Amino acid sequence: MYLGDEAWPDLETYFEEESLALVPVGSTEQHGPHLPEGTDHLIAEALAREAANRTGYLCTPTVNVGVSAHHRQFHGTMWVSPPVFRDYMESLARNLTYHGIDRVIFVNAHGGNVEPLREVGKRLHEDETAYTIEWMWDESIPELVREHFSVPGPHGGPKETAMIMHIANELVHEDRLTDARDGGLVEWGAGSARQFGARTFFDAIDNTENGVLGDQTDATPEKGEELFEAATEQLCNLSEWLAGQEYESLLPKEHV
Ligand SMILES: [Zn+2]
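Residues numbered from 1 in each chain as written. Predicted model: local features only at pLDDT ≥ 70, side-chain atom pairs only at ≥ 80, totals over all residues. Heavy atoms only, no water.

When helices and strands are counted, the protein chain shows 9 helices and 6 strands. The C-alpha atoms of the protein chain give 19 Å as radius of gyration, which agrees with the globular expectation for 256 residues (18 Å, within 12%). Counting only C-alpha atoms and orienting by the principal axes, one finds that the protein chain spans roughly 55 × 40 × 30 Å. Within the protein chain, buried positions represent 49% of all 256 residues. For the protein chain, the share of sequence-separated contacts (at least 6 apart) that also reach a separation of at least 24 residues comes to 79%. For the protein chain, the exposed surface amounts to about 12400 Å²; the carbon and sulfur share of it is 50%. Placing the 17 positive and 46 negative side-chain charges of the protein chain at their respective mean positions leaves the two points 7 Å apart. (Helix = DSSP H or I, 4+ residues; strand = E, 2+ residues; numbered from the N terminus. Rg over C-alpha atoms; globule rule 2.2 N^0.38 Å. Buried < 20%, exposed > 50% of the residue type's maximum accessible area, 1.4 Å probe, protein only. Contact = heavy atoms within 4.5 Å. Areas by Shrake-Rupley, 256 points an atom, 1.4 Å probe, with all protein chains shown as cover. Lys, Arg positive; Asp, Glu negative; His and termini not counted. Charge placed at Lys NZ, Arg CZ, Asp CG, Glu CD.)

Turning next to the coordination of the zinc ion. Donor atoms from the polypeptide that coordinate the zinc ion comprise His31 (NE2), Asp40 (OD) and Glu160 (OE), at 2.0 Å from the metal. All donors of the zinc ion belong to a single chain; written as a sequence motif, their spacing is H-x8-D-x119-E. In this pair, His31 sits in the loop between strand E1 (20-25) and helix H2 (39-55) while Glu160 sits in helix H6 (residues 158-168), placing the two residues 129 residues apart along the sequence. (Donors = N, O, S within 2.8 Å, 3.2 Å for Na, K, Ca; no water.)

The next subject is the pairing of strand E3 (residues 103-108). The side chains of a regular strand alternate between both faces of the sheet. Counting buried positions over the 6 residues of E3 gives 6, a clear majority of the element. The side-chain alternation of E3 yields two buried faces, one formed by Arg103, Ile105 and Val107 and the other by Val104, Phe106 and Asn108. Pairing of E1 with E3, which is carried by 6 bridges, proceeds in the parallel orientation. Across the sheet, the residue bridging to Val25 is Asn108, located in E3. Pairing geometry for E3 and strand E4 (residues 131-136), over 6 bridges, is parallel. Paired with Ile105 across the bridge in E4 is Ile133. Chirality of the crossover, the property in question, places the unit of E3, helix H4 (residues 114-126) and E4 among those that are right-handed. (Pairing = 2+ DSSP bridges. Right-handed = clockwise from strand over helix to strand, strands pointing away.)

A few words on the layout of surface pockets. It is a probe the size of a water molecule, rolled over the atoms, that shows where empty space is left. When its volume is computed, the largest pocket comes out at roughly 950 Å³. Gly111, Pro154, His155, Trp188 and Leu213 are the residues nearest the centre of the largest pocket, which is lined by 36 residues in total. Grouping the amino acids of the lining of the largest pocket by side-chain chemistry returns 13 nonpolar, 13 polar and 10 charged. Estimates place the volume of the second largest pocket at around 150 Å³. (1 Å grid on protein atoms, 1.4 Å probe; cavity = no way out; pocket = protein on both sides within 12 Å on 5 of 7 lines; lining within 4 Å. Points joined across faces, edges and corners; volume = space filled by probe spheres on them. Nonpolar A, V, L, I, M, F, W, Y, C, P; charged D, E, K, R; others polar.)

It is worth spelling out the packing of H2 against H6 at this point. When two helices pack together, their arrangement is given by the angle between their axes and by how far apart the axes lie. Where H2 meets H6, the axes come as close as 10 Å, and the angle between the chain directions of the two elements is 60 degrees. By the angle between their axes, H2 is oblique relative to H6. Considering the relative orientation of H2 and H6, their crossing is left-handed. Touching Thr39, Asp40, Leu42, Ile43, Ala46 and Leu47 of H2 are Glu160, Met163, Ile164 and Ile167, all from H6. Looking at side-chain class alone, the contact of H2 with H6 contains 7 nonpolar, 1 polar and 2 charged residues. (Axes fitted to C-alpha atoms, helices over the stretch in contact; angles between N-to-C directions. Parallel < 35°, antiparallel > 145°, perpendicular 65-115°, else oblique. Left-handed = near helix turned anticlockwise from the far one by under 90°.)

This next bit is on the packing of aromatic side chains. The geometry of an aromatic ring pair is captured by two quantities: the separation of the ring centres and the angle between the planes. This model, assessed by the stated rule, comprises 2 aromatic pairs. On the numbers, 5.9 Å between centres and 85 degrees between planes, the contact of Tyr14 with Phe15 is edge-to-face. Given the relative accessible area of 17%, Phe15 is considered buried. An angle of 80 degrees between the planes, with centres 5.6 Å apart, marks the rings of Trp188 and Phe201 as edge-to-face. Of this pair, Trp188 sits in the loop between helix H7 (177-182) and strand E5 (194-195) while Phe201 sits in the loop between strand E6 (198-199) and helix H8 (221-244), and the two are 13 residues apart along the sequence. Note on Trp188: relative accessible area 27%, which makes it partly exposed. We classify Phe201 as buried; its relative accessible area is 13%. (Phe/Tyr/Trp six-rings, centres within 6.5 Å; stacked < 30°, edge-to-face > 60°.)

Right under this line is the structure:
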């Protein structure tokens, strides 16, 4: 069920009977020369809407702009500051609790949102308002991602390229895939851009001239469909699991 499509009287039964909501969260930021700026929010929304359709749980409208200032040197990147984002997302989750929701899944597709979203979860958990968790799609299917791509790349790489090929193929510039790889940084790992253990960069452009990390030339719509199906299944399972928990069991434990 998609909240934005419903008239208010038709939501009464849902809020009476269910207590879970899916909130898609993405970004609007450069994703290399070959992918649209909406890549992250397109992925988050497609997964959340599909999981909501399959399970019957409620999906809210998508939060399209997130924490992306580290991509600001590229045309069009939009962002809000982390404290503003955190407060906005906290307020949005509290809004849902007013209607009777007490557990929320932030269906996330942007790394920069992870920490603020977890902080929101922590705040709401501490004051026992709601149980709110962050779910990052690619982290739900790490083996499949590794199986398909030699260099998955954290940003604008083949996993995101394949997903957009599946979700909105007309927005992918397939003729730019090779240039995207050659003009960016292919190998990116835990030890990248560090000196004696310290992270030595602030912005994406410090590491990659065209904004891309990874090798997207082996992305295909078929691989995208497989990733999409597997991640959707994980999200459906997570939703069912969370909806099935006793609320008391989700609250902070007592002091020993
Ligand atoms: Zn992305």
